[in-house]
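# Structural overview for review
Each chain is listed here by its residues.
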Amino acid sequence: MGTQVPARGFQMIGTAVDVCRSIFVAHRPASLLPHSKVLWHSGFNRRLVVAAIRRKAVDVVTVILVDPDGDPLPAWLPGAHLELSLPSGRRRQYSLCGDPRDRSAYRIAVRLMPHGNGGSIEIHESLRSGDALRVHGPRHTFPFIDAEEYLFVAGGMGITPLLPMAQAAGRRGNLVYIGRSRESMPFLDRVPGAVIRPDDEFGTPDMEEILARANPHAAVYVCGPTPMQEAAARALPRVNPTCTLHLERYSATRATPPSEAVPSGRSIEKAPHHR
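Residues numbered from 1 in each chain as written. Predicted model: local features only at pLDDT ≥ 70, side-chain atom pairs only at ≥ 80, totals over all residues. Heavy atoms only, no water.

### A word on unusual backbone geometry
- In this model, Gly137 is joined to Pro138 through a cis peptide bond whose omega is 5 degrees.
- With respect to the secondary-structure elements, Pro138 resides in strand S6 (residues 132–139).
- In the Ramachandran plot, His217 falls in the positive-phi region, its phi being about 70 degrees despite a non-glycine side chain.
- Looking at the secondary structure, you find His217 in the loop between helix H5 (207–211) and strand S10 (219–223). (Helix = DSSP H or I, 4+ residues; strand = E, 2+ residues; numbered from the N terminus.)

### Remarks on the sheet that holds S6
- Strand order across the open sheet formed by six strands is S4-S3-S6-S1-S2-S5, with antiparallel pairing between neighbours. Of all the strands in the sheet, just strand S4 (91–95) and strand S5 (106–111) have a single pairing partner and so form its edges. Neighbour to neighbour, the strand axes of the sheet diverge by 40 degrees on average, direction disregarded.
- Note: strand S1 (residues 46–57) against S6, four bridges, orientation antiparallel. Its bridge partner lying in S6, Arg46 is registered against Val135. (Pairing = 2+ DSSP bridges. Axes fitted to C-alpha atoms, helices over the stretch in contact; angles between N-to-C directions.)

### Digging into the nonpolar core
- Core analysis: the biggest nonpolar cluster contains 26 residues, and Phe152, Leu162, Leu175 and Tyr221 have the highest contact counts within it.
- Where this core is concerned, the elements lending two or more residues are strand S7 (150–155), helix H3 (159–169), strand S8 (173–179) and S10.
- Each residue touching Tyr221, except ones within four places of it in the same chain, is listed here: Phe142, Pro143, Phe144, Ile145, Tyr150, Leu151, Phe152, Val153, Leu162, Met165 and His246.
- Of all hydrophobic cores here, the second largest spans 20 residues; its members include Val50, Leu65, Leu82 and Leu133. (Core = buried A, V, L, I, M, F, W, Y, C linked by side-chain atoms within 4.5 Å. Buried < 20%, exposed > 50% of the residue type's maximum accessible area, 1.4 Å probe, protein only. Contact = heavy atoms within 4.5 Å.)

### Focus on empty space enclosed by the protein
- This structure, assessed with the given rule, holds one cavity of 30 Å³ or more.
- One number sums up the size of the largest cavity: a volume of about 50 Å³.
- Taken together, Glu149, Tyr150, Leu151, Asn174, Arg213, Ala214, Asn215 and Ala218 form the lining of the largest cavity. (1 Å grid on protein atoms, 1.4 Å probe; cavity = no way out; pocket = protein on both sides within 12 Å on 5 of 7 lines; lining within 4 Å. Points joined across faces, edges and corners; volume = space filled by probe spheres on them.)

The following block contains the structure:
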């Protein structure tokens, strides 16, 4: 008796494997998944086409990517990013800054960095509508947690991951948007309720004053230049120790450390992006 139970268990497992093989290999999952799109619809590796490139600030363009067959794109959540393989072979990562409910296209924004390592120059000067790109993602490594209240602080192109978050948060969130000048700040038309704070009008931002706007126990998201994020990490424990701080550090060269969750005024950091 004792030896028959495992044997039956193995027999049942073998039967299940045979059924799965007959569905997903022998007959293809035509009734379950698109016949030729099983890999692409996984959201990890797909070929997309540039539908349009639009200027959003003096040195910022948005790139709109669509499926070449017009199929819906994989769903994504605020904070997600794509990795693009550019025609030159460069690989760059950009946050999705569109509406997650719109699966007809992905939208990213790229600031021209004349003294960078070439990715933004290639996109601004060489990329054209109709070009095909290999895209990896969406990847969700900067999680948008559920909270009763939020404070979002965006510096420059740090607006890109925070914009979908702020719009999803609605009345539960407040956005402070910092930049060099209004002319350099994209998406001002999409943040009607935000505190807009250009440096040429208000001077250097006081991070303690900004973070003091958060209510106790709020989730505080900060994305922008490294000095701004370091100032936030120093200031929040002093002015709002019950809040959680969520950082997305970015730079021209990228390493990819995992994100980690740390409560009570300390930081949750996400790997850096190319901007």
